[in-house]
Amino acid sequence: MPPSPANDGLGVVRIKPLGAGSGGVEKSAHSDDPDLPPPVQYDVENNNIDIATSSGRSRRFKYPTKIIPPEDSQSTMYDQYMPMRIEAFLNGFDCNIMAYGQTGSGKTHTMFGPPGIMSRAANAEYGLEPPADYGLYPRGLLDIVCRVRKLNDAATNLKFVLTSSAVEVGIFGKVDMFVQAESGGGDVDWNKLEAKHNQCGVQLDRVSEPKFLYGQVEVSLHDEDRNIYRTFAALATRNTMGTGMNNSSSRTCCFAFLTLYCHDSSTGCVRKSRFQFVDLAGSERLKDAHDGNTNYRANLADVNFMAGFSNNWCLMQLSRCVRELVQYRKRGSRGTFSFNSYLVDLVFMLSESLTGSAHTAIFVCLSQAPKNNMQSSVALDFGEVFSKLSIRPRVKKWKKMAKMKLQAAGTLAGAKAALSTAAASRAGGAGNRHVQKRKAQVVMARQLLDVLKQFN
């Protein structure tokens, strides 16, 4: 049975070209070493992938709904999976796009483009037309901005405000990439990153549905081109470092958000939908990535090592959650599945995809190199389990704008009142987590009120 439009993105595998880039130990693909197994084999017509195992046998994966071969361009991939999701986003649905795979398998290339492209985009080298190398996010951003501007030009009772924000999640918590960019981001000093996190104070609401981050900067895109370039500049500060497996390895999970507010003047209501683009940190073989070091106790001072260790742990928790959720549904269990036993923010931030309430596509990125066969098999195994989730997107509800303003004003007043005493009365002063939470509430409430003012 062919997948429904809502589920067609749950079994997608993208194959990285042999020898492309400098990461993922791709050079091993060209070795004449007789001890190496053959590279990954794939059949695009029948959507099968074969990987040689350590025992000399071959394991076949039959679950993919689509295999994107190395010769397919960025624009071809975009045209296959993004238009339907953009249409859903504009009509009030939340959408999530994710790239998953080991380090050096092409996740960041898929989501954003090759190294350095966001810096060049921020300098307006490409203008507002997507070059061939743009990945899913910059193409989607430009497409959605264009669509929203056309909708606002139309003589209807609907008006739209589109904003962008970006947060990276890693060993030091959740960092606002706009703040990072505007405080001299780029080649980030990892020893100072914790201080940056304390300045940014991005918080995660684990109670509301859906779960969401708040306190990060949101900039308006629908009417200001300069904020498009600011968005690219923020994404250019993504933290990367060289390892033994990849010359430019992402050390964090990057979440890029587009938020759409739609106001209906005939009812006085507002609807809010969110498009979440996620470039997950890559799993890595610690021994190969860090000169044979695998003991975390002996490497507590090595932040690069600990980032890799932390990323592996977070991805393991995500995998555990997906497997247990699939089994929970298979048993026909009643009630609501709880995410509280998973001790990583990543699971909560992807909960809409896990529960099926958002339009979702996950791109399992695969290296063909023989030395990566074990990690490629693990990535495909995760993709196979994820493909068993069921996606039943729900349109977001309309809310009275007057009530939203009242609630935001109440949040703002309450947070300000709490801040007047919290910093002085609690240990840790301005860096205290309670203070950070109140500051994030102030930022969230002010930004929402600023958005709602645009509909007056």
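One can find the structure itself at the top, above this paragraph.
Criteria and cut-off values
All residue numbers refer to positions counted from 1 along the written sequence of the respective chain. With the structure being a predicted model, the display of local features is reserved for residues of pLDDT at least 70 and the display and counting of side-chain atom pairs for 80 or more, all residues being used for whole-chain, interface and lining totals. Water and hydrogen atoms play no part in the side-chain values, which are based on all heavy atoms of the structure. Only one rule defines a salt bridge in this text: a Lys or Arg side-chain nitrogen within 4 Å of an Asp or Glu carboxyl oxygen. Secondary structure counts use DSSP, requiring at least four H or I residues in a row for a helix and at least two E residues in a row for a strand, with both numbered from the N terminus. Any residue under 20% of the maximum accessible area for its type is buried, any over 50% is exposed, and the rest in between are partly exposed; the area is computed with a 1.4 Å probe on protein chains only. When the centres of two rings from Phe, Tyr and Trp lie within 6.5 Å, Trp using its six-membered ring, the rings pair. Their planes under 30 degrees apart give stacked, over 60 give edge-to-face, and anything left gives tilted.

Trainee: Help me out: how do you make sense of the pattern of salt bridges in this one?
Mentor: Between side chains of opposite charge, a pair can form when the charged atoms approach closely. Summed over the entire model, instances satisfying the criterion amount to 14 salt bridges. For Asp94, the salt bridge identified is with Lys396, shortest N-O distance 3.4 Å. Of the two residues, Asp94 is situated in the loop between helix H1 (74–90) and strand S6 (95–100) and Lys396 in the loop between helix H12 (373–386) and strand S17 (399–400); the sequence distance between them amounts to 302 residues. Take Asp94: its relative accessible area is 3%, and that puts it in the buried class. One salt bridge connects Asp279 with Arg238, and the closest N-O pair in it is separated by 2.8 Å. Taken together, the residues span a long stretch of sequence, with Asp279 in strand S15 (residues 269–279) and Arg238 in the loop between helix H7 (225–235) and strand S12 (240–241) at a distance of 41 residues. Each of Arg59, Arg323 and Asp381 takes part in a single network of salt bridges with overlapping partners.

Trainee: Hey, could you run me through the packing of aromatic side chains in this one?
Mentor: The geometry of two aromatic rings is summed up by the distance between their centres and the angle between their planes. Throughout the structure, instances matching the rule amount to 16 aromatic pairs. Note on Tyr81 and Phe363: the rings are 5.5 Å apart at their centroids and 85 degrees apart in plane angle, and the pair reads as edge-to-face. Of this pair, Tyr81 sits in helix H1 while Phe363 sits in strand S16 (residues 359–366); the two residues are 282 residues apart in sequence, bridging distant segments of the chain. Considered together, Tyr81 and Phe363 belong to a single accessibility category, that of buried residues. Through a chain of ring-to-ring contacts, three or more aromatic side chains come together here, namely Phe89, Phe112, Tyr137, Phe275 and Phe277.

By themselves, these are just geometric observations and shouldn't be taken as functional.
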